[in-house]
Amino acid sequence: FVHANTLLQNKLIMTLFLLSAAQKPLVEKLRRERINSSIEQLKSLLGPEFLKQQPDSKLEKADILEMTVCVLRRLQQQHQQQRRLLNHCNKLQSSSDENLREADFSPLSSTVQTSITKDKSPVNSAPWRPW
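On a predicted model such as this, the values are computed, not experimentally measured, just so you know. (Residues numbered from 1 in each chain as written. Predicted model: local features only at pLDDT ≥ 70, side-chain atom pairs only at ≥ 80, totals over all residues. Heavy atoms only, no water.)

What the protein chain contains, in helices and strands, is 3 helices and 0 strands. Counting all 131 residues of the protein chain, 8% fall into the buried class. Total accessible area computed for the protein chain in this model is approximately 12,100 Å², and 61% of it derives from carbon and sulfur atoms. (Helix = DSSP H or I, 4+ residues; strand = E, 2+ residues; numbered from the N terminus. Buried < 20%, exposed > 50% of the residue type's maximum accessible area, 1.4 Å probe, protein only. Areas by Shrake-Rupley, 256 points an atom, 1.4 Å probe, with all protein chains shown as cover.)

Pairs may arise between side chains of opposite charge once their charged atoms sit close together. By the definition in use, this model includes 3 salt bridges. Linking Arg32 and Glu28 is a salt bridge whose minimum nitrogen-to-oxygen distance equals 3.7 Å. One end of the pair is Arg32 and the other is Glu28, both in helix H1 (residues 2-45) and 4 residues apart, which spans about a single turn. Each of Glu28, Arg31 and Arg32 takes part in one network of salt bridges that share partners. (Salt bridge = Lys/Arg side-chain N within 4 Å of Asp/Glu carboxyl O.)

What follows covers the environment of Leu45. Among the structural elements, Leu45 can be located in helix H1. Separated by 23 residues in sequence, Leu45 and Thr68 place their C-alpha atoms 9.5 Å apart.

Once that is clear, we can look at the confidence of the model for the protein chain. Looking at the protein chain as a whole, its pLDDT mean stands at 78, while 67% of the residues score no less than 70. Per-residue pLDDT, averaged within each element of the protein chain, yields its smallest value for helix H2 (residues 47-53) (70) and its largest for H1 (85). (pLDDT = per-residue confidence, 0-100.)

Assignment of secondary structure puts Asp63 in helix H3 (residues 61-120). For the pair Asp63 and Lys43, spaced 20 residues apart in sequence, the C-alpha to C-alpha distance is 9.9 Å.

Let us look at a nonpolar patch on the surface. A surface patch of nonpolar side chains, about 310 Å² in accessible area, is lined by Leu12, Leu16 and Leu19. Looking at the element boundaries, Leu12 is found in helix H1. Owing to a relative accessible area of 52%, Leu12 belongs among the exposed residues under this scheme. (Patch = residues over 30% accessible without salt bridge, like charges linked within 9 Å, V, L, I, M, F, W, Y side chains within 5 Å.)

Encoded structure:
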């Protein structure tokens, strides 16, 4: 009975191995299809870029991937430049706002100071009455 059980287990293991081996080409085919589909999508998304580079030649998959990397790097650099410019503009804006606040308060402060000085003079010692 033990010997028959071992033979049955071995036969089951062998069947599973053969099924797994038979599936490998199918799995590989599906993987290649996914890769090719993604490369075609990249090619269509970046079509104008590809036409600028090599309008008459057939592009290999490696060419499409390399060009995609170049385009993404250029976009990343542009994005970084725009962020730096925006940060610079924001700093200028906040600096300008601070200058405006100081400018708004300086005439007011000198007027108040002049008014206080005048109020302390002996000529203007009478209390102010609006009626």
